[in-house]
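Next come the chains, spelled out residue by residue.
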Amino acid sequence: SPPRHSLDRASEIRQFLSPVEKQCHLKNEKAALQQLLPAYLGYTISLVTGNPLPLLVGAASLMGKDPMQEENANVHGFRGMGRRVADV
């Protein structure tokens, strides 16, 4: 049956969450760079010195927890909740 109103809730939710998702994407890129920088630095030092220890230390930094995991889960939850609300 057709909706009783002419509002496109999915579009409204998407428009409302767009700046939040954009900000989250920028924070993800920044966090990824901060996480990869020690690995690249360790790789470079290992190449220059011939010592594998800096490479191993840099690689260990990649094994840490993703700092943006919880925030990404929240943003995806908002998006999913918006879809359910739009199905009214």
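Our subject is the structure that appears above.
Residues numbered from 1 in each chain as written. Predicted model: local features only at pLDDT ≥ 70, side-chain atom pairs only at ≥ 80, totals over all residues. Heavy atoms only, no water.

A.B. asks: Any chance you could break down the overall build of the protein for me, citing the residues and the numbers?
C.D. replies: Helix and strand content of the protein: 3 helices and 0 strands. If you list the helices and strands of the protein from N to C, you get α-α-α. With 88 residues in all, the protein has 15% of them scored as buried. If you take every contact in the protein between residues at least 6 apart in sequence, the share linking residues at least 24 apart comes to 68%. (Helix = DSSP H or I, 4+ residues; strand = E, 2+ residues; numbered from the N terminus. Buried < 20%, exposed > 50% of the residue type's maximum accessible area, 1.4 Å probe, protein only. Contact = heavy atoms within 4.5 Å.)

A.B. asks: Hey, could you go over helix 1 (residues 9–49) for me, with residue numbers and the actual values?
C.D. replies: The end-to-end C-alpha distance of helix 1, which contains 41 residues, comes to 59 Å, matching closely the 60 Å that a straight helix rising 1.5 Å per residue would cover. Roughly 40° is the biggest bend found in helix 1, and it falls at L17, with proline P19 one to four residues downstream. Along helix 1, the residues classified as buried are L17, C24, A31, A39, G42 and S46. Immediately downstream of helix 1, the backbone of G50 shows phi near 80°, a positive value. (Expected span 1.5 Å × (residues − 1). Bend = angle between axes of the 7 residues up to and from the residue.)

A.B. asks: Could you give an account of the environment of Y43, with specific residues and numbers?
C.D. replies: Residue position: Y43 is located in helix 1. For Y43, a relative accessible area of 45% gives the class partly exposed. Each C-alpha atom, one on Y43 and one on L53, is 9.4 Å from the other, the two residues being 10 residues apart in sequence.

A.B. asks: Explain a nonpolar patch on the surface to me, using residue names and the numbers behind them.
C.D. replies: A cluster of nonpolar side chains, Y43, L47, V48 and L55, forms an exposed patch at the surface whose accessible area comes to about 420 Å². With 3 residues, the single largest contributor to the nonpolar patch is helix 1. The class for L47 is exposed, based on a relative accessible area of 58%. (Patch = residues over 30% accessible without salt bridge, like charges linked within 9 Å, V, L, I, M, F, W, Y side chains within 5 Å. Areas by Shrake-Rupley, 256 points an atom, 1.4 Å probe, with all protein chains shown as cover. Salt bridge = Lys/Arg side-chain N within 4 Å of Asp/Glu carboxyl O.)

A.B. asks: Please set out the packing of helix 1 against helix 2 (residues 53–61) residue by residue, giving values where relevant.
C.D. replies: Put simply, helix 1 and helix 2 touch, their axes get as near as 7 Å, and they point 170° apart. Our classification of the angle between helix 1 and helix 2 gives roughly antiparallel. Only P54, L55, G58 and S61 of helix 2 make contact with helix 1, whose side of the interface consists of Q35, P38, A39, G42, Y43, I45 and S46. Residue classes in the contact of helix 1 with helix 2 are distributed as 6 nonpolar, 5 polar and no charged. (Axes fitted to C-alpha atoms, helices over the stretch in contact; angles between N-to-C directions. Parallel < 35°, antiparallel > 145°, perpendicular 65-115°, else oblique. Nonpolar A, V, L, I, M, F, W, Y, C, P; charged D, E, K, R; others polar.)

Any link to function would need more than the numbers given here.
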